[in-house]
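For reference, the chains in residue letters:
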Amino acid sequence: MKTILKPFLFTLSLMFFSITVFPQSGGGFGIKGGLNYNSNGKYFQDAEAVWGDPLNNLGYHLGLFGKINAGPVFLRPELYYTHLESEINSTVLKTQRLDAPVLIGLNLFGSLVSVFAGPSFHYYLQDGLRNYDFDEFNSGYQFGVGLNLGKFGLDLRYERILNGQTITIDNVFTGQGDFKFQQLMLGLSIKF
């Protein structure tokens, strides 16, 4: 954890102190990547059972994004590879998937800050949690906040994967129902 975190924090520090701060403007495309901290929501019992040992629930994502601006509103489709690990009963299970969120957002403070939300679609390449007769496709939702510094962007988002259930206000905000994953994602993006 320390060997991964130190270079990441050093890069973030350099970005904040050495780049002239001006917001991203206009649309475009770029690359993104980052860290995921996840839990398998199927096993909710208490806080430790949900989130487990942080070292055993880390993952990462890497991919591409596009951004289409329409005034203060934007559309941001993304496609990336995600590697997740979940600890259940002291066993670490791995999941690999392709994710395609379609986010709608609002630029604030001259595009320096953005808020966004939208559906997320998933194709499972490997799933240690469901290695028996599993459906390769699933969906969920993401929402978050981003900071735009020049051609760099930093965002923090929350994602929840639904288990083929109807989305209602109750299960979105209260967490009721059977969910596959929930995760916090910290991402760095570079726009070309």
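Residues numbered from 1 in each chain as written. Predicted model: local features only at pLDDT ≥ 70, side-chain atom pairs only at ≥ 80, totals over all residues. Heavy atoms only, no water.

Student: Where do I start with the pattern of salt bridges in this structure?
Tutor: When their charged atoms lie close together, side chains carrying opposite charge are able to pair. Overall, the coordinates contain 6 salt bridges when judged by the stated rule. Note that R157 is salt-bridged to D155, the shortest N-O span being 3.2 Å. For the residue pair R157 and D155, the accessibility class agrees, reading buried in each case. Via salt bridges that share partners, K32, R76, E78, D155 and R157 belong to a single interconnected network. (Salt bridge = Lys/Arg side-chain N within 4 Å of Asp/Glu carboxyl O. Buried < 20%, exposed > 50% of the residue type's maximum accessible area, 1.4 Å probe, protein only.)

Student: Looking at this structure, how should I read unusual backbone geometry?
Tutor: For residues that are not glycine, phi is negative in most cases, and the peptide bond is trans in most cases. The backbone phi angle of F109 is positive, close to 55°, even though this residue is not glycine. Structurally, F109 can be placed in the loop between β4 (91-108) and β5 (113-127). For S111, which is not glycine, the phi dihedral falls at a positive 75°. Locating S111 in the fold gives a position in the loop between β4 and β5. The class for S111 is buried, based on a relative accessible area of 15%. (Helix = DSSP H or I, 4+ residues; strand = E, 2+ residues; numbered from the N terminus.)

Student: Looking at this structure, I do not really get the confidence of the model for the protein. What am I missing?
Tutor: Detailed reading of the predicted model is not advised wherever pLDDT is low. Chain-level statistics for the protein give a pLDDT mean of 77 and a share of 65% at 70 or above. Least confident of the elements in the protein is helix α2 (residues 47-51), whose mean pLDDT is 47; most confident is strand β2 (residues 58-70), at 93. Segment residues 14-24 is flagged for pLDDT under 50; beyond a separation of four residues in sequence, or across chains, it makes 27 contacts in the model. Per-residue pLDDT stays below 50 along residues 42-51; that stretch engages in 20 contacts with residues further than four places along the chain or on separate chains. (pLDDT = per-residue confidence, 0-100. Contact = heavy atoms within 4.5 Å.)

Student: Explain the packing of aromatic side chains to me, please; I cannot follow it from the model alone.
Tutor: Aromatic rings in a pair are described by how distant their centres are and how their planes are angled relative to each other. Considering all chains together, one arrives at 5 aromatic pairs under this definition. For the ring pair Y60 and Y81, a centre distance of 6.2 Å and an interplane angle of 50° mean the geometry is tilted. On the criterion of sequence distance, the pair formed by Y60 in strand β2 and Y81 in strand β3 (residues 73-88) is long-range, its members being 21 residues apart. By relative accessible area, Y81 is classed as partly exposed at 24%. Taking the centre distance of 5.0 Å and the plane angle of 50° together, the rings of Y123 and F137 count as tilted. In this pair, Y123 sits in strand β5 while F137 sits in strand β6 (residues 137-149), placing the two residues 14 residues apart along the sequence. Taken together through their ring pairs, the aromatic side chains of Y141, F143 and Y158 make up a single cluster. Over the ring of F74 we find K67, and its NZ or CZ is 4.6 Å from the ring centre. (Phe/Tyr/Trp six-rings, centres within 6.5 Å; stacked < 30°, edge-to-face > 60°. Lys NZ or Arg CZ within 6 Å of the ring centre and 35° of its normal.)

Student: So what exactly am I meant to see when it comes to a nonpolar patch on the surface here?
Tutor: Together, I68, V73, L75, V102, I104, L106, V115, F121, V145, L156 and L184 make up an exposed nonpolar region whose accessible area comes to about 860 Å². Those elements giving two or more residues to the nonpolar patch turn out to be β3, β4 and β5. Ranked by the residues each element gives to the nonpolar patch, the list is headed by β4, at 3 residues. With respect to the helices, strands and loops of the structure, F121 is situated in strand β5. (Patch = residues over 30% accessible without salt bridge, like charges linked within 9 Å, V, L, I, M, F, W, Y side chains within 5 Å. Areas by Shrake-Rupley, 256 points an atom, 1.4 Å probe, with all protein chains shown as cover.)

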